[in-house]
Amino acid sequence: MAPFLSVIIPTYNRAEKLEKCLHALREQSLASESFEVLVVDDGSTDSTPKVLERWAKDWNNIKHLHQENAGQGNARNKALRQAQGQVILFIGDDIYGSPDFLLKHTEFHREHPEKEFACLGLTEWDPSQEITPFMEWLTHGGPQFAYHHLKPMEEVSFWYFYTSNISIKKDLLEKESFDPDFKVYGWEDIELGYRLSQRGMKLMYKPEALAHHDHFMSEDSLKDRAFKIGKSAVLFQKKQPAVPVLPSGLKKSVLTVLSSKPILALSFLLKTIFPPLKKMHWFLINKHYFLQGIRSI
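A few points on the structure. These figures come from a predicted structure and were not determined experimentally.

Describing the pairing of strand S3 (residues 62–67)
Part 1 of the argument: Relative to S3, strand S2 (residues 35–42) is paired through six bridges, and the arrangement is parallel. Its bridge partner lying in S3, Asp42 is registered against Gln67.
Part 2 of the argument: You can see the chain leave S2, run along helix H2 (residues 48–58) and come back into S3, and the turn it takes is right-handed.

Structure, rendered in structure tokens:
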């Protein structure tokens, strides 16, 4: 009998974290025959292939696929074509589900069998890692997640289509998939979420479907991250012109001035003197490199 749930995980050169991810899935409270796990190795050059071979021998739930490095969107599409479950759960290789993680996603879809209903779970930082003030800002006011705006079991917009922890009926995904044109980080999940919303997707927030994110991030990572998001935003705007994501007019002028090098230098000095201003400095750095990414196209 086919499993009810298919968990799809793209992975690239994170063998150690992938092991932890798979351990968390094998220890789930949900009956093992109710789900399958499809892991797509996106051309890893570390020990990932050996890890997956070993897991496939020891655990019948897992299927491992391989592709030349083509990005996580293509990896998810590859797994989606082979998934047998009625419901598809997308997570990352550095996402560790809580013991009832799969059960909560399953309960949601049993309670809401209509194909339009999708479930957004809660992703928090993995408590075993150091969680810095910068990381707290990323998820509470910064560009990472915005769960703090949501209420349990409310319908949320496609802007919250976070593929770290989200489940969708396979039937709703039959005519939509991740756009392979997105080659760098950012926007590919939101762009798919928008297309699914146009097909009637009702995305509901269920924080009990809890997972933890094992990904330490430093201030130094913000430059590259924001730059890539800016580049991808240009592609998103071309794909979906009805959704305004690129700043224009007065907003663009204000952001350009606020994130200029002289203002950045001043904000750096101020946050050194008065640490509570760090959040303002991070915000300006993020916008500075986001605009640079836009201009690079």
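A short note on the side chain of Arg76
Part 1 of the argument: Here Arg76 shows up in helix H3 (residues 72–82).
Part 2 of the argument: Notably, Arg76 is buried but unbridged: the nearest opposite-charge side chain belongs to Glu188, and the N-O separation is 4.0 Å.
Part 3 of the argument: Beyond its immediate sequence surroundings of up to four residues, Arg76 is in contact with Ile8, Pro10, Phe90, Ile91, Thr163, Phe178 and Glu188.

Some details on the packing of aromatic side chains
Part 1 of the argument: Going through the model one piece at a time under the given rule, you end up with 15 aromatic pairs.
Part 2 of the argument: Note on Phe35 and Trp59: the rings are 6.1 Å apart at their centroids and 65° apart in plane angle, and the pair reads as edge-to-face. Highlighted residues: Phe35 in strand S2 and Trp59 in the loop between H2 and S3, separated in sequence by 24 residues. When sorted by exposure, Phe35 lands in the same class as Trp59, which is buried.
Part 3 of the argument: Considering the side-chain rings of Phe90 and Phe178, the 5.3 Å spacing of their centres and the 85° angle between planes classify their relative orientation as edge-to-face.

Brief notes about the environment of Val184
Part 1 of the argument: With respect to the secondary-structure elements, Val184 resides in the loop between strand S8 (165–169) and helix H6 (188–198).
Part 2 of the argument: Residue Val184 is classed as partly exposed on the basis of its relative accessible area of 31%.
Part 3 of the argument: Setting aside anything within four residues of it in sequence, one finds Val184 in contact with Lys228, Lys231 and Ser232.

Section: the nonpolar core
Part 1 of the argument: With 31 residues, the main nonpolar core has Phe90, Leu120, Tyr147, Phe161, Ile168 and Leu203 as its most contacted residues.
Part 2 of the argument: Every element with two or more residues in this core is listed here: S2, H3, strand S4 (87–91), strand S6 (117–125), S8, H6 and strand S9 (202–213).
Part 3 of the argument: Dropping the residues within four chain positions of it, Phe90 is found in contact with Ile8, Arg76, Thr163, Ser164, Asn165, Ile166, Ile168, Leu173 and Phe178.
Part 4 of the argument: Counting residues in each nonpolar core, the second largest holds 27 residues, with Ala15, Leu30, Leu52 and Tyr96 among its members.

Structural notes on a nonpolar patch on the surface
Part 1 of the argument: Among the surface-exposed residues, Leu266, Leu269, Leu270, Ile273, Phe274 and Met280 lie close enough to one another that they form a single nonpolar patch of about 560 Å² accessible area.
Part 2 of the argument: When residues in the nonpolar patch are grouped by element, the largest group, four residues, is from helix H9 (residues 261–273).
Part 3 of the argument: A relative accessible area of 32% places Leu270 in the partly exposed class.

A word on helix H10 (residues 278–295)
Part 1 of the argument: A rise of 1.5 Å per residue sets the reference length of H10, with its 18 residues, at 26 Å; its end C-alpha atoms lie 26 Å apart and thus fit the reference within 8%.
Part 2 of the argument: Taken residue by residue, H10 has His281, Trp282, Leu284, Ile285, Asn286, His288, Tyr289, Phe290, Leu291, Gly293 and Ile294 as its buried positions.
Part 3 of the argument: Considering only its buried residues, H10 is in contact with helix H5 (133–139), helix H7 (221–239), helix H8 (249–258) and H9.

Considering the pattern of salt bridges
Part 1 of the argument: On inspection of all chains with the given rule, the structure shows twelve salt bridges.
Part 2 of the argument: Lys104 serves as the salt-bridge partner of Glu107, at 3.7 Å between the closest nitrogen and oxygen. Of this pair, Glu107 and Lys104 both sit in helix H4 (residues 101–111), three residues apart, which is roughly one turn of that helix.
Part 3 of the argument: Classification of Glu107 by relative accessible area gives partly exposed; the value is 28%.
Part 4 of the argument: The exposure class of Lys104 is partly exposed, given its relative accessible area of 22%.
Part 5 of the argument: One salt bridge connects Lys239 with Asp179, and the closest N-O pair in it is separated by 2.9 Å. One end of the pair, Lys239, is in helix H7; the other, Asp179, is in the loop between S8 and H6, and 60 residues separate them in sequence.
Part 6 of the argument: Among the residues examined, Asp179 registers a relative accessible area of 13% and is labelled buried.
Part 7 of the argument: Here the salt bridges share partners, and the residues they tie into one network are Glu176, Glu191, Arg195 and Arg199.

Conventions we followed
- Residues numbered from 1 in each chain as written.
- Predicted model: local features only at pLDDT ≥ 70, side-chain atom pairs only at ≥ 80, totals over all residues.
- Heavy atoms only, no water.
- Pairing = 2+ DSSP bridges.
- Helix = DSSP H or I, 4+ residues; strand = E, 2+ residues; numbered from the N terminus.
- Right-handed = clockwise from strand over helix to strand, strands pointing away.
- Buried < 20%, exposed > 50% of the residue type's maximum accessible area, 1.4 Å probe, protein only.
- Lys, Arg positive; Asp, Glu negative; His and termini not counted.
- Salt bridge = Lys/Arg side-chain N within 4 Å of Asp/Glu carboxyl O.
- Contact = heavy atoms within 4.5 Å.
- Phe/Tyr/Trp six-rings, centres within 6.5 Å; stacked < 30°, edge-to-face > 60°.
- Core = buried A, V, L, I, M, F, W, Y, C linked by side-chain atoms within 4.5 Å.
- Patch = residues over 30% accessible without salt bridge, like charges linked within 9 Å, V, L, I, M, F, W, Y side chains within 5 Å.
- Areas by Shrake-Rupley, 256 points an atom, 1.4 Å probe, with all protein chains shown as cover.
- Expected span 1.5 Å × (residues − 1).

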